[in-house]
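# Fold and contact review
If you want the building blocks of each chain, they are given just below.
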Amino acid sequence: MQNLSILVINGPNLNLLGTREPDIYGHETLADLESMLKKRADELGVNLECFQSNHEGAIVDKIQEVRGKVGFILLNAGAFTHTSVAIRDALSGVEIPFYEIHISNVHSREEFRHHSYLSAIAKGVIVGFGLQGYICALDSAAQYLRSKNS
């Protein structure tokens, strides 16, 4: 059976998109992003669920909850990228492929943002393309799932 389902997880402070540091993150809101992604998912013929939490445990719970239910995860873990072994362990434990996404170029920012606990186990990392990075990730994830399930 084909599993053309993709989960988008946005971590802490991404609920503030559009108002938090718009010079870095842009003026579009989380609702704008989710609407854009759902439209693209419909065009691609994939199921898409969006989830956002400011709480590490809620993100871990969500990752575990979708085991066997989704074929791919698009993850912007926000600050948890640089701190969370728990999220890394959850991703390793469920064995769902994922892309790590960052709206800004974290490598041109503060030193603490240069380290990721997630990159080494991600299928890929998309950094610095704004919200367009999510569309690139979605397109690639859909292609991956189709090739895997054909």
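Note: the structure precedes this text.
For the structure given in this document, a descriptive report is provided here. In this text, all values refer to a predicted model and were calculated from it rather than measured experimentally.

## Describing the pattern of salt bridges
- Tallied over the entire structure, the rule returns four salt bridges.
- When the shortest N-O distance is used, the salt bridge between Arg40 and Asp139 registers 2.7 Å. Here the residue Arg40 occupies a position in helix 2 (residues 30-44), and Asp139 occupies one in helix 5 (residues 132-149), the gap between them amounting to 99 residues.
- Under the relative-accessibility criterion, Arg40 is labelled partly exposed at 24%.
- Glu49 serves as the salt-bridge partner of Lys62, at 2.5 Å between the closest nitrogen and oxygen. Of the two residues, Lys62 is situated in helix 3 (residues 56-65) and Glu49 in strand 2 (residues 47-52); the sequence distance between them amounts to 13 residues.
- Residue classification places Glu49 among the partly exposed residues on the basis of a relative accessible area of 33%.

## Description of the environment of Gln132
- Topologically, Gln132 is positioned in helix 5.
- Residue class for Gln132 comes out partly exposed when judged on its relative accessible area of 43%.

## Details of the packing of aromatic side chains
- Within the structure shown, the criterion is met by two aromatic pairs.
- Seen from their ring centres, Phe72 and Tyr99 are 4.7 Å apart, and the 50 degrees between their planes marks the pair as tilted. Of this pair, Phe72 sits in strand 3 (residues 72-76) while Tyr99 sits in strand 4 (residues 98-102); the two residues are 27 residues apart in sequence, bridging distant segments of the chain.
- Assessed through its relative accessible area of 0%, Phe72 is described here as buried.
- When the centroid spacing of 5.3 Å and the interplanar angle of 70 degrees are considered together, the rings of Phe72 and Tyr144 count as edge-to-face. Taken as a pair, Phe72 in strand 3 and Tyr144 in helix 5 lie far apart in primary sequence, 72 residues in all.
- By relative accessible area, which is 24% here, Tyr144 ends up partly exposed.

## Considerations on unusual backbone geometry
- Within the chain, Asn13 stands out as a residue other than glycine whose phi angle is a positive 75 degrees.
- With respect to the helices and strands, Asn13 occurs in the loop between strand 1 (5-10) and helix 1 (22-25).
- Overall, the relative accessible area of 33% leaves Asn13 in the partly exposed class.

## Looking at the sheet that holds strand 4
- The sheet built from five strands is open, its strands ordered 2-1-3-4-5 with parallel pairing. Of all the strands in the sheet, just strand 2 and strand 5 (124-127) have a single pairing partner and so form its edges. Averaged over neighbouring strand pairs, the angle between their axes works out to 15 degrees when direction is ignored.
- Strand direction decides the pairing type here: strand 1 and strand 3, joined by five bridges, are parallel. Directly across from Ile9, in strand 3, lies its bridge partner Leu75.
- Across the sheet, helix 3 touches strand 1 and strand 2, and the angle it forms with strand 2 is around 160 degrees.
- Relative to the sheet, helix 5 contacts strand 1, strand 2, strand 3, strand 4 and strand 5, its axis offset from that of strand 3 by approximately 165 degrees.

Cut-offs and rules
Residues numbered from 1 in each chain as written. Predicted model: local features only at pLDDT ≥ 70, side-chain atom pairs only at ≥ 80, totals over all residues. Heavy atoms only, no water. Salt bridge = Lys/Arg side-chain N within 4 Å of Asp/Glu carboxyl O. Helix = DSSP H or I, 4+ residues; strand = E, 2+ residues; numbered from the N terminus. Buried < 20%, exposed > 50% of the residue type's maximum accessible area, 1.4 Å probe, protein only. Phe/Tyr/Trp six-rings, centres within 6.5 Å; stacked < 30°, edge-to-face > 60°. Pairing = 2+ DSSP bridges. Axes fitted to C-alpha atoms, helices over the stretch in contact; angles between N-to-C directions. Contact = heavy atoms within 4.5 Å.

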